[in-house]
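Listed below are the residues making up each chain.
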Amino acid sequence: MTVLEVKNLSYSYGSGTPFYKKALSDISFKIEKGEFVAIIGHTGSGKSTLVSHLNALTRAQSGSIILNGEDIYKKGYNIKKARQTVGLVFQYPEYQLFEETVYRDIAFGPKNMGLSESEIKSRVISAASALEIDKSMFNSSPFELSGGQKRRVAIAGVIAMNPEILVLDEPAAGLDPKGRDRVMRLISEYRKNTGNTVIIVSHSMQDAANYADRVLVLNEGKLYLNGTVDEVFEKADELESIGLSVPPITKILIELHKKGYAVPLNVYTAEDAAKALLPLLKKEVK
Amino acid sequence: MAEHFISCKNVCFNYEGRSDAALKNVSLNIDKGELVAVLGHNGSGKSTLAKHLNGILTAQSGDVEVAGYNTKDENNIFNLRSRVGMVFQNPDNQLVATIVEEDVAFALENLGVEPKEIRKRVDEALEAVGMSEFKLSQPHKLSGGQKQRVAIAGVLAMSPDCIVLDEPTAMLDPKGRAQVMDTIIKLNRERGITVVLITHFMEEAALCDRIVVMNDGEVFLDGEPKEVFKHAQKLKDVGLAVPDVTSLCNSLQKLGVEIETSINKDEFIENIQKLLIG
Amino acid sequence: MLSDITIGQMFPGNSLIHKLDARYKIVFTIIFMVMLFCANSLIGMAITLLFVIFIYLLAKIPLTMLLKSLKPIIPIVIFMTVFNVFFYSGETVIFKWGIIKLTLEGLKMTGVMMFRVISVISGTAMLTYTTSSIELTDAIESLMSPLKKVKFPVHDLSMMMTIALRFIPTLIEETDKIMSAQKSRGADFESGNIIKRAKALMPILIPLFLSAVTRAGELATAMESRCYRGGEGRTKMKQPKSDKRDYISLVFMIVLTALVISLNYIKF
């Protein structure tokens with residue numbers, strides 16, 4: 001089932017001034033329920049602008065966005081509905097924390113939705129547990145937490161609104177390797193457990209390869225590629241031509257392939273690459 | 001003790017109101033011209049260590065000597081700071097002026113350098129980081145990588161012997177990261193500037209001459225990248241990782257393949273080719 | 001969007017106006033104020049307006065930019081116009097309807113007010129359009145330097161202004177971002193009574209305040225690392241320099257002002 005359809009979306013800023021810039025031009029794609037999609041591209045490729053359209057923070061000059069079959073630009077459509085269907089987690093979301101306690105901060109979204117106190121409580125508890133936030137932290141101030149903990153609390157605050165589509169802009173940026181892995185793993189588990197759709201915006205080809213089912217590549221405001229992980233990373237040369245690349249491990253395999261070795265190219269992790277290289281090794285391995 | 005450019009001896013430091021020490025008895029020597037990466041998870045004490053190198057923080061016990069000055073010596077603090085430049089993580093929070101070239105001039109103006117000399121050194125510094133064409137731009141209109149290069153130019157203008165960079169690439173995109181890394185390496189290789197690079201990107205550390213791994217306020221590992229990255233499990237235990245190439249080597253080794261651990265792609269390709277059937 | 005604000009923005013250029021010494025430009029702006037508030041005759045006002053247009057042409061700033069910067073004051077102008085035109089008690093009545101009457105004096109008064117508001121804005125805008133904020137703060141510091149003798153913290157003041165100007169765009173961007181983030185969490189800033197709306201601002205103000213504090217702390221460390229120690233012993237890369245252009249312009253400004261003032265006393 002298609003949960004989100006973007007049709008011929010175009011957006012530009014500052015029309016009529018010297019600062020005019022076309023940020024998005026004629027973008028169309030569909031996202032199915034439960035998919036994990038990665039949007040990749042350079043800074044300035046329009047990724048962040050695109051996601052701010054998905055929950056109607058920004059309104060396109062032309063085109064349409066269809067959420068669960070309803071056009072959000074249609075007259076009489078309640079914007080609040082879009083905001084609840086699409087949960088948007090911004091870059092460095094820890095900067096949005098403001099409440100006195102962790103609990104209250106996570107509860108902010110559900111409260112704004114007008115839910116009952118008991119419903120809010122159960123939402124907070126389940127969102128916190130999805131992000132591995134211990135109950136013992138509920139009463140502490142979010143500002144006393146470590147960077148990684150703050151990040152998880154901020155993400156929990158959006159998940160607690162129970163959005164059908166969770167969009168995260170660079171969820172792991174600025175964290176150390178352990179923190180990065182943890183956040184990505186929790187997002188992936190959240191998707192599996194809830195069956196909700198997840199869209200991440202990322203610079204990391206590795207994250208896209210590890211977690212996503214499908215990859216959208218944006219370049220200069222246009223949708224450059226749209227396909228499964230294999231389909232997109234198969235086009236290493238095209239990605240390179242716009243200054244992007246394939247995951248580091250894949251790069252090694254491509255180089256070996258160019259040297260004439262029959263290695264597979266749709267391999268993205270160290271373990272898989274090792275297994276793929278094994279049959280080609282000269283000596284029998286015990 | 002004077003033979004090392006940077007020498008930390010039994011340095012201890014506690015932040016007020018925190019029970020666990022940020023630095024516990026850290027001893028570390030860095031020589032002139034070295035390119036050293038300092039790795040460590042968040043809160044491992046690596047930023048605290050960096051702030052000791054130019055006297056922003058001073059050791060509660062133990063001593064830090066840099067460029068022949070003890071960092072506790074307040075009479076020489078500006079001499080010290082003009083020889084050890086610092087670049088910080090958030091590019092927005094370290095640029096002072098509203099025009100790029102004015103910002104690069106900031107330190108020299110503080111030091112009371114002659115206007116003509118400032119002009120010359122500012123132009124040179126901007127040239128060295130490849131930002132000359134943006135000298136009249138406003139900082140907030142630049143990309144993250146460009147802002148960081150301006151920040152580097154700002155300390156470079158002081159002609160320091162050493163630059164300490166505290167996670168300069170953490171907030172940048174891959175393109176900005178590459179720009180900043182290229183600049184740092186060039187300054188080290190071409191000008192012999194000692195570089196202490198604090199980072200949590202393993203690929204960046206692999207490009208350095210030496211890696212110091214911090215954990216819980218202590219030096220955990222210290223050696224050439226090749227040596228340090230051999231300890232994949234140990235690094236994992238302290239919240240770090242190894243470069244992707246290295247983990248590929250490790251995976252092969254686990255499957256019984258006898259291949260040397262490498263830390264860069266080209267080396268690995270050379271090694272694996274010897275083992276592959278054409 | 002908040003980022004549409006153009007006041008205080010500089011338009012880099014190479015015109016005579018751009019090249020004038022910023023200290024002189026500040027003085028000129030003050031002289032210009034005197035000129036326009038002294039201009040009471042029709043010709044005097046016409047000369048002043050022509051002078052504004054002339055300066056904009058000289059600086060190569062598109063007049064559309066001027067119109068844009070006047071946009072925020074349109075409501076004020078309309079209010080003033082309505083008020084003055086219809087309620088000013090003059091004697092030469094042109095039109096009357098109930099308590100509303102239109103008098104010649106009212107019309108004149110409105111014209112003068114509009115002339116002054118437009119001139120003030122366009123004149124001061126010219127200063128910021130053609131002068132970088134750093135030149136401006138340096139110039140203010142230089143003009144105020146005699147006050148150092150009485151221990152007035154001139155340098156600190158100018159440093160504060162520089163930093164404020166540097167961080168305004170950053171903080172505007174940040175406010176935009178935090179607002180979007182909270183809106184995404186269902187925050188509502190637009191409905192409810194005043195108390196409710198003020199309360200709704202907390203999710204923006206608290207993060208903004210905290211981030212400003214963090215920024216200030218980090219900036220202080222960065223400045224300290226770059227050997228900042230106040231104004232003492234400090235030099236400047238760009239020494240303010242005045243030359244012939246500035247003196248000639250000064251003479252021109254004084255003569256023009258004298259002319260405008262003297263026109264008040266000449267009866268045609």
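Our structure's up above, just so we're on the same page.
Sequence order sets the numbering: in each chain, residues are counted from 1 along the sequence as written. All chains are assigned letters beginning with A, and all ligands numbers beginning with 1, in the order in which they are written. Side-chain atom pairs in this predicted model are given and counted only at pLDDT of 80 or more, local residue features only at pLDDT of at least 70, and totals for whole chains, interfaces and linings cover all residues. For side-chain calculations, the full set of non-hydrogen atoms in the structure is used, while hydrogens and water are omitted.

## Section: the overall build of chain C
Alright, step 1. Secondary structure elements follow DSSP: runs of H or I no shorter than four residues count as helices, runs of E no shorter than two count as strands, and numbering proceeds from the N terminus. Along chain C, the regular secondary structure elements total 11 helices and 2 strands.
Alright, step 2. The secondary structure elements of chain C, listed N-terminal to C-terminal, are α-α-α-α-α-β-β-α-α-α-α-α-α.
Alright, step 3. The C-alpha atoms of chain C give 24 Å as radius of gyration, which overshoots the globular expectation for 268 residues (18 Å, by more than 25%).
Alright, step 4. Taking the principal axes of the C-alpha coordinates as reference, chain C spans close to 65 × 60 × 40 Å.
Alright, step 5. Partly exposed residues are those whose accessible area sits between 20% and 50% of the maximum for their type, while under 20% is buried and over 50% is exposed, using a 1.4 Å probe and protein chains only. Per-residue burial over chain C gives 41% buried out of 268 residues.
Alright, step 6. Residue contacts are counted whenever heavy atoms from the two residues lie within 4.5 Å of one another. Considering only residue pairs separated by 6 or more positions, chain C has 72% of its internal contacts joining residues 24 or more positions apart. With the radius of gyration taken over C-alpha atoms, the globule rule is written as 2.2 Å times the number of residues to the power 0.38.

## Re the packing of helix 3 (residues 102-112) of chain A against helix 4 (residues 117-130) of chain A
All names here are of chain A.
Alright, step 1. Structural elements are reduced to axes, namely lines fitted to C-alpha atoms, with helices fitted over the stretch in contact, and the angle between N-to-C directions of any two is expressed from 0 to 180 degrees. Between helix 3 and helix 4, the shortest axis-to-axis distance is 9 Å and the interhelical angle comes to 120 degrees. By the angle between their directions, the pair helix 3 and helix 4 is classed as oblique. Helix 3 and helix 4 meet at a crossing whose hand is right-handed. Here Y103, I106, A107, P110 and K111 of helix 3 lie close against helix 4, whose contacting residues are I120, K121, R123, V124, A127 and A128.
Alright, step 2. Residue composition of the contact of helix 3 with helix 4, grouped by class: 8 nonpolar, no polar and 3 charged. When describing relative orientation, an angle under 35 degrees is termed roughly parallel and one over 145 degrees roughly antiparallel, while 65 to 115 degrees is termed roughly perpendicular and anything else oblique. Note on convention: the crossing is left-handed when the near helix lies turned anticlockwise from the far helix by less than a right angle, right-handed when the turn is clockwise. Polar here means any residue other than Ala, Val, Leu, Ile, Met, Phe, Trp, Tyr, Cys and Pro, which are nonpolar, and Asp, Glu, Lys and Arg, which are charged; Gly is therefore polar.

## A look at the pattern of salt bridges
Alright, step 1. The term salt bridge refers to a side-chain nitrogen of Lys or Arg lying within 4 Å of a carboxyl oxygen of Asp or Glu. For the coordinates displayed, the defined rule picks out 37 salt bridges over all chains.
Alright, step 2. Between D63 of chain B and K72 of chain B there is a salt bridge, with its nearest N and O atoms 3.7 Å apart.
Alright, step 3. Classification of K72 of chain B by relative accessible area gives partly exposed; the value is 35%.
Alright, step 4. Put simply, E224 of chain C and R81 of chain B hold a salt bridge, and the shortest N to O gap is 3.5 Å. Of this pair, E224 of chain C sits in helix 10 (residues 202-225) while R81 of chain B sits in helix 2 (residues 77-83), each in a different chain.
Alright, step 5. In the salt-bridge network here, residues are joined through shared partners; they are E101, E102, R119, D123 and K135 of chain B together with K238 of chain C.

## Section: the interface of chain B and chain C
Alright, step 1. The interface of chain B with chain C comprises 39 residues on the first partner and 31 residues on the second.
Alright, step 2. Taken together, both faces of the contact between chain B and chain C bury some 3,300 Å²; the carbon and sulfur share is 56%.
Alright, step 3. Our enumeration of links across chain B and chain C arrives at 6 salt bridges.
Alright, step 4. Of the charged contacts, one joins R166 of chain C and D92 of chain B as a salt bridge, the two residues approaching to 3.8 Å between their closest N and O atoms.
Alright, step 5. In the analysis that follows, any N or O atom pair within 3.5 Å is treated as a polar contact, provided that within protein one partner can donate a hydrogen and the other can accept it, and provided that, for residues neighboring in sequence, both atoms belong to side chains. Put simply, chain B and chain C have 17 residue pairs in polar contact (both at pLDDT 80 or more) between them.
Alright, step 6. Breaking the side of chain B that touches chain C down by element, the ones donating at least two residues are helix 2, helix 3 (100-110), helix 4 (115-128) and helix 5 (144-156) of chain B.
Alright, step 7. With 9 residues, helix 3 of chain B is the largest single contributor of residues to the side of chain B that touches chain C. The buried area of a pairing is the accessible area, by a 1.4 Å probe, that goes missing from both parts when the two are put together, added over both.

## Re the sheet that holds strand 5 (residues 70-71) of chain A
Residue and element names in this part refer to chain A.
Alright, step 1. Read from one edge to the other, the open sheet built from 4 strands follows the order 2-1-4-5, with strand pairing classed as antiparallel. Here the strands that pair on one side only, and so sit at the sheet edges, are strand 2 (21-32) and strand 5.
Alright, step 2. Contacts from helix 1 (residues 47-54) reach strand 1 (2-13), strand 2 and strand 4 (62-67), with the element oriented near 125 degrees to strand 1. What makes two strands pair is DSSP finding at least two bridges between them.

## Things to note about empty space enclosed by the protein
The rolling of a water-molecule-sized probe over the atoms marks out the regions of remaining empty space.
Alright, step 1. Note on definitions: the grid is 1 Å and covers protein atoms alone; a cavity is a set of points where a 1.4 Å probe fits but cannot get out; a pocket is an open set with protein on both sides within 12 Å along at least five of seven lines; lining residues have an atom within 4 Å of a point. Grid points are joined across faces, edges and corners, and a volume is the space filled by probe spheres set on the points. Using the criterion set out here, one finds 4 cavities of 30 Å³ or more in the structure.
Alright, step 2. A volume near 120 Å³ is recorded for the largest cavity.
Alright, step 3. Lining the largest cavity are 14 residues, with E109 of chain B together with I134, T162, R234 and K236 of chain C positioned closest to its centre.
Alright, step 4. Counting residues per element, the ones that place at least two in the lining of the largest cavity are helix 3 of chain B together with helix 7 (133-144) and helix 8 (154-184) of chain C.
Alright, step 5. A per-class count over the lining of the largest cavity returns 5 nonpolar, 3 polar and 6 charged.
Alright, step 6. What the second largest cavity holds in volume is close to 60 Å³.
Alright, step 7. In this structure, the second largest cavity is lined by F90, Q91, Y92, P93, Y95 and Q96 of chain A together with K177, I178 and A181 of chain C.

These figures come from the coordinates and say nothing about function on their own.
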